[in-house]
Structures are given as C-alpha cells and as structure tokens.
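One letter stands for each residue in the lines below.
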Amino acid sequence: QVQLVDSGGGLVQAGGSLRLSCAASGRAGVMYDMGWYRQAPGKEREFVASDNWSTTTYADSVKGRFTISRDNAKNTGYLQMNSLKPEDTAVYYCHARIGSVLSPVSWGQGTQVTVSS
C-alpha cells in the first residue's frame, strides 16, 4: 500500500517562495507519474501541475512561477513555488502512481499554503 506524505506548506508573504515535497513509501518502484492539485476554501479542487516523465504540464495560473520536479532516488516529488500570490492560498495535495501506469493513484493528506498580502 502506497503512502504519500505532503509537506512544506506554511505562511508566506506575497512574492515569497515555498517548496512542497511529496514523499512516497510502502510500494516497490519509482513514481510513474505525479502531480499537484489544490483546493481553496469554498472552491473545487483544481489542477496545478503534473509530471509524467516526458511531459510537465502547468495550470495557466501558475506557469512561469511554479516548477514541478522529482528525485527518483528518494522517490519524492517537489513543487517549487515562487512569486506567490494571495490567490495561491489553498491546501495542496500531491498524487502519484508508483511503479507503472496500471498502478492505482494515491493521494497525499494535503499541506496548507497561506500567502498574505
């Protein structure tokens, strides 16, 4: 059974940076693909970024500010967030499939990011 642990959230001023981490454990294999979603209060969960080995994709709202990456040796994914805006405030969730495209999608528990103006 795969466990994903999100971390790295916090309170930051507008214009600041944070790096979120998504550590996978419990199943043999590396992250086949992974990504991040976020959910702000009163809003639906929305796509932020994804990485499927050959392609990285970003929501228009974060392009040029956020960078998704991974360290396969650590089986950990990251989301570097720069030039943060108050509208980036949300709970951020990572998701990943470990091993292959046939593996089930696992989700982290979420990490809170709060950007003050």
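No experiment lies behind these values; they were computed from the predicted model shown.

Regular strands show a simple pattern: their side chains alternate between the two faces of the sheet. Counting buried residues along strand S8 (residues 76–81), 5 of its 6 residues qualify, which places the element largely inside the surrounding structure. In terms of strand pairing, strand S3 (residues 18–25) meets S8 through 6 bridges, oriented antiparallel. Each bridged residue has a counterpart across the sheet, and for alanine 23 the counterpart in S8 is threonine 76. As defined by bridge partners, strand S7 (residues 66–71) adjoins S8 across 6 bridges and the pair is classed as antiparallel. The residue bridging serine 69 from the neighbouring strand is tyrosine 78, located in S8. Between S7 and S8, which pair antiparallel one after the other, the connecting turn spans 4 residues, and asparagine 75 there sits at a positive phi close to 50°.

For arginine 38, the position within the fold is in strand S4 (residues 31–39). A distance of 3.0 Å separates a polar atom in the side chain of arginine 38 from a polar atom in the side chain of aspartate 88. One polar contact links arginine 38 to tyrosine 92, side chain to side chain, over a distance of 2.9 Å.

Turning to the sheet that holds S7, a few remarks are in order. Overall, antiparallel pairing links the 4 strands, which are arranged S1-S3-S8-S7 in an open sheet. Two strands bound the open sheet, and with one partner strand each, they are strand S1 (3–7) and S7. Across the sheet, the axes of successive neighbouring strands diverge by a mean angle of 15°, strand direction being ignored.

On to the environment of arginine 45, then. Within the element layout of this structure, arginine 45 appears in the loop between S4 and strand S5 (46–51). In contact with arginine 45, other than residues within four places in its own chain, are Tyr37, Arg38, Gln39, Tyr93 and Trp107.

Considering all chains together, one arrives at 1 disulfide under this definition. Cysteine 22 shares a disulfide with cysteine 94; S-S distance 2.0 Å. Handedness of the cysteine 22-cysteine 94 disulfide follows from its S-S torsion of about 60°: it is right-handed. One end of the pair, cysteine 22, is in strand S3; the other, cysteine 94, is in strand S9 (residues 90–98), with 72 residues separating them in the sequence. Judged by relative accessible area, which is 0%, cysteine 22 ranks as buried.

Cut-offs applied
- Residues numbered from 1 in each chain as written.
- Predicted model: local features only at pLDDT ≥ 70, side-chain atom pairs only at ≥ 80, totals over all residues.
- Heavy atoms only, no water.
- Buried < 20%, exposed > 50% of the residue type's maximum accessible area, 1.4 Å probe, protein only.
- Helix = DSSP H or I, 4+ residues; strand = E, 2+ residues; numbered from the N terminus.
- Pairing = 2+ DSSP bridges.
- Polar contact = N/O pair within 3.5 Å; in protein donor to acceptor, adjacent residues only side chain to side chain.
- Axes fitted to C-alpha atoms, helices over the stretch in contact; angles between N-to-C directions.
- Contact = heavy atoms within 4.5 Å.
- Disulfide = S-S within 2.5 Å.

Shape descriptors only; they carry no functional weight alone.
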